[in-house]
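One-letter residues, chain by chain:
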Amino acid sequence: MNTKNQFSRRSFIGTAVAAGATLAAGGSSTVAAEHPRSQSTGGPGSFPKDFWWGSATAAYQVEGAAAEDGRGPSIWDTFSHTPGKTDGGDTGDVACDQYHRYAEDAKLMADLGVKHYRFSISWSRILPEGRGTVNEKGVDYYRRLVDALRQHGITPHATLFHWDLPQALQDRYAGWQSREVAGDFGDYAAAVAKRLGDRIKHWMTINETSSFAIGGYGVGKAGNKAPGIAVATEKARWQIVHNALLAHGAACQAIRAASPGRCSVATAEDYSSFVPLTETPENIAAARRAFVRDNRNGAILMPILTGQYDAGWLEDHRASAPDIADGDLKLIHQPLDGLGFNCYTGAYVRAADNPKGYETLPMFDGYPKGNMPWLNILPEAIYWGIRLVGEAANRKNLPIFISENGCADGALPSADELVRDTDRIMYYRAYLRQVQRAAAEGYPVIGYFSWSLLDNFEWACGYSKRFGLVRVNFKTQKRTPKLSYHWYQEVIRQNRVV
Ligand code: BG6
């Protein structure tokens, strides 16, 4: 399936929660003091000392073992098994088989030199019905994974939701279309934090709200991500997003209440970044205006970070803004210990003599891309995304880590299976220089997770698109580090872009 003409999540720039959630405050609530401003040390071009070098994956994209040890189906099992939904009918049934090969993958990470691994936990492995009885065998898998990481001195960073909602909750109350989901997500977060909180201290609640809450639902047509449902109105989609924000809030409270020790709670959003066409005061001001009013920022990031939908966004969405019940914004606006920024692309912006005071510039068909139709290469987006967010939320010291950054490669393996992915090296080098710039200027960027460690199940693209530093031969499961793996290894070793 060619994703080119489908809805792309990146192209849309432009009552109390149901009972049952473990929302009690207190316990081991641990909002850390804000990280001090990063300092670039070790000379020009280097990253801060103790910078988190990492790599990332997500459960449904790498684990496989879809029906093993009591895991229940998720909406991605249903979606990928529905004819016509993914390229070649590919599914995540086996994926990279990390469920069985986690020890080998931990060793690959250790050899790479990363000290941080971001992975996600499969909700339906822990709670096959989405709620109710915990499947302890599912929990045990994550204990094994985390122990293997820790043997190599790798710190685990767990995301609780990377798009794989238990199918049982989809069937029970239409999943994210119901506010009930927030309570169940809170309960799930509590169950996980209680059992794995001795080993995992770094949590992210949700990965990219807009990707599943907008991408999974088309207005009048099927969405191109699970559950792939059509809704009648834009407002219905924004209500789904709002339910996801409530779930984020419920999970933040639940993790803090259930965790046996100190922990840090963050989220990972692919918020939009705007690059001033020229770095003049007028265009920088334009980037600030565009930043807060944008869909993913004004209606997702701002409520999370400030407790308010952006006023400009609300003005633009009078007919489609979600209904907000009393207490919702308070629940959504939980203290965060850090913010994960998934950055792939962005938009150019400049000042304009119009009511909004800015215009975004078009990205034409021939604009350089990272081998995905939506992946316009715009390295400065990562710098401006780090810089603008603290200002927009009035949290200038909020620690930011790049929770994902990467591209698909166009390179084919040769007989030796080595992928000579110079395109990915070009991409990473350009973006990392901009991360380093942000750190050197004192913005609080504390880490970087490349997306992805492994080639994996690339959602609707199946196995046709490869984002890995390591090639996976999906017939044999053989892992072969690509040229970019060796390049990133050297970056980490020298703590500078090479
Ligand atoms: C990220 C997702 O946004 O993009 C990943 O978190 C995904 O799960 C990556 O693999 C690649 O893009 P896309 O369009 O396939 O989601």
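On a predicted model such as this, the values are computed, not experimentally measured, just so you know.

Re the overall build of the protein
(1) Moving on: Tallying secondary structure elements over the protein gives 16 helices and 15 strands in all.
(2) Moving on: Relative to a compact globule of 498 residues, whose C-alpha radius of gyration would be 23 Å, the protein shows 21 Å and is just as compact.
(3) Moving on: The C-alpha extent of the protein, read off along each of the three principal axes, is 60 × 60 × 45 Å.
(4) Moving on: Taken across its 498 residues, the protein has 63% of its residues classed as buried.

Some words on unusual backbone geometry
(1) Moving on: A cis amide bond links Ala-226 with the next residue in sequence, Pro-227, at an omega value of 5°.
(2) Moving on: Here the phi dihedral of Ala-174 falls at roughly 65°; this positive angle occurs in a residue that is not glycine.
(3) Moving on: Within the secondary structure layout, Ala-174 lies in the loop between helix H6 (167–173) and helix H7 (180–196).
(4) Moving on: By relative accessible area, which is 27% here, Ala-174 ends up partly exposed.
(5) Moving on: One non-glycine residue, Gln-477, lies in positive phi territory at about 65°.
(6) Moving on: The residue Gln-477 is located in the loop between strand E14 (470–473) and strand E15 (478–481) in this model.
(7) Moving on: Its relative accessible area of 7% is what places Gln-477 among the buried residues.

A word on the pattern of salt bridges
(1) Moving on: Under the defined criterion, the tally for this structure stands at 32 salt bridges.
(2) Moving on: Among the salt bridges present, the one from Arg-493 reaches Glu-490, with a minimum N-O distance of 2.8 Å. Linking Arg-493 with Glu-490, this pair stays in helix H16 (residues 483–494), spanning three residues, or about one helical turn.
(3) Moving on: In this structure Arg-493 comes out as exposed when scored by relative accessible area, which is 61%.
(4) Moving on: What you see here is one network of salt bridges that share partners, running through Asp-409, Asp-421, Arg-424, Asp-455, Arg-466 and Lys-482.

Some thoughts on the environment of Ile-400
(1) Moving on: As for its position among the elements, Ile-400 is in strand E12 (residues 400–404).
(2) Moving on: For Ile-400, a relative accessible area of 1% gives the class buried.
(3) Moving on: Considered as a pair, Ile-400 and Glu-380 are 20 residues apart in the sequence and their alpha carbons are 16 Å apart.
(4) Moving on: Leave out the neighbours within four places in its chain, and Ile-400 touches Tyr-271, Leu-339, Phe-341, Ile-386, Val-389, Pro-444, Val-445, Ile-446 and Gly-447.

Structural notes on the packing of aromatic side chains
The description of two aromatic rings rests on the distance between their centres and on the angle between their planes.
(1) Moving on: According to the stated counting rule, one finds 46 aromatic pairs in the structure shown.
(2) Moving on: Judged by centre distance (4.9 Å) and plane angle (75°), the ring pair of Phe-161 and Phe-212 falls under edge-to-face. Taken as a pair, Phe-161 in strand E3 (residues 155–161) and Phe-212 in helix H8 (residues 209–213) lie far apart in primary sequence, 51 residues in all.
(3) Moving on: Taking the relative accessible area as the measure of exposure, Phe-161 reaches 0% and is therefore buried.
(4) Moving on: For the pair Tyr-309 and Trp-313, a centre-to-centre distance of 5.7 Å together with 35° between the ring planes defines the contact as tilted. Like Tyr-309, the residue Trp-313 is buried in the burial classification.
(5) Moving on: An aromatic cluster is defined as three or more aromatic residues linked by ring pairs; in this entry it consists of Phe-47, Phe-51, Trp-53, Tyr-427, Tyr-428, Tyr-431, Tyr-448 and Tyr-488.
(6) Moving on: The ring of Tyr-141 carries Arg-125 above its face, with NZ or CZ at 5.9 Å from the centroid.

Focus: the sheet that holds strand E8 (residues 274–276)
(1) Moving on: Spatially, the three strands line up as an open sheet ordered E8-E10-E11, and their pairing is mixed. Either end of the sheet is taken by a strand with one partner, and the two such strands are E8 and strand E11 (358–360). Pairs of neighbouring strands in the sheet enclose a mean axial angle of 35°, with direction left out of account.
(2) Moving on: Alignment of E8 against strand E10 (residues 347–351), held across three bridges, turns out to be parallel. Looking at the pairing, Pro-276 lines up with Val-349 of E10.

Here we look at helix H14 (residues 380–392)
(1) Moving on: Taking 1.5 Å per residue, 13 residues should reach 18 Å; H14 reaches 18 Å between its end C-alpha atoms and fits that length.
(2) Moving on: With respect to burial, H14 is a largely interior element, 10 of its 13 residues being buried.
(3) Moving on: Three or more residues of H14 are buried, namely Ala-381, Ile-382, Tyr-383, Trp-384, Gly-385, Ile-386, Arg-387, Leu-388, Val-389 and Gly-390.
(4) Moving on: Note on H14: the residue one or two positions beyond its end, Asn-394, has a positive phi of about 55°.

Rules used in this analysis
Residues numbered from 1 in each chain as written. Predicted model: local features only at pLDDT ≥ 70, side-chain atom pairs only at ≥ 80, totals over all residues. Heavy atoms only, no water. Helix = DSSP H or I, 4+ residues; strand = E, 2+ residues; numbered from the N terminus. Rg over C-alpha atoms; globule rule 2.2 N^0.38 Å. Buried < 20%, exposed > 50% of the residue type's maximum accessible area, 1.4 Å probe, protein only. Salt bridge = Lys/Arg side-chain N within 4 Å of Asp/Glu carboxyl O. Contact = heavy atoms within 4.5 Å. Phe/Tyr/Trp six-rings, centres within 6.5 Å; stacked < 30°, edge-to-face > 60°. Lys NZ or Arg CZ within 6 Å of the ring centre and 35° of its normal. Pairing = 2+ DSSP bridges. Axes fitted to C-alpha atoms, helices over the stretch in contact; angles between N-to-C directions. Expected span 1.5 Å × (residues − 1).

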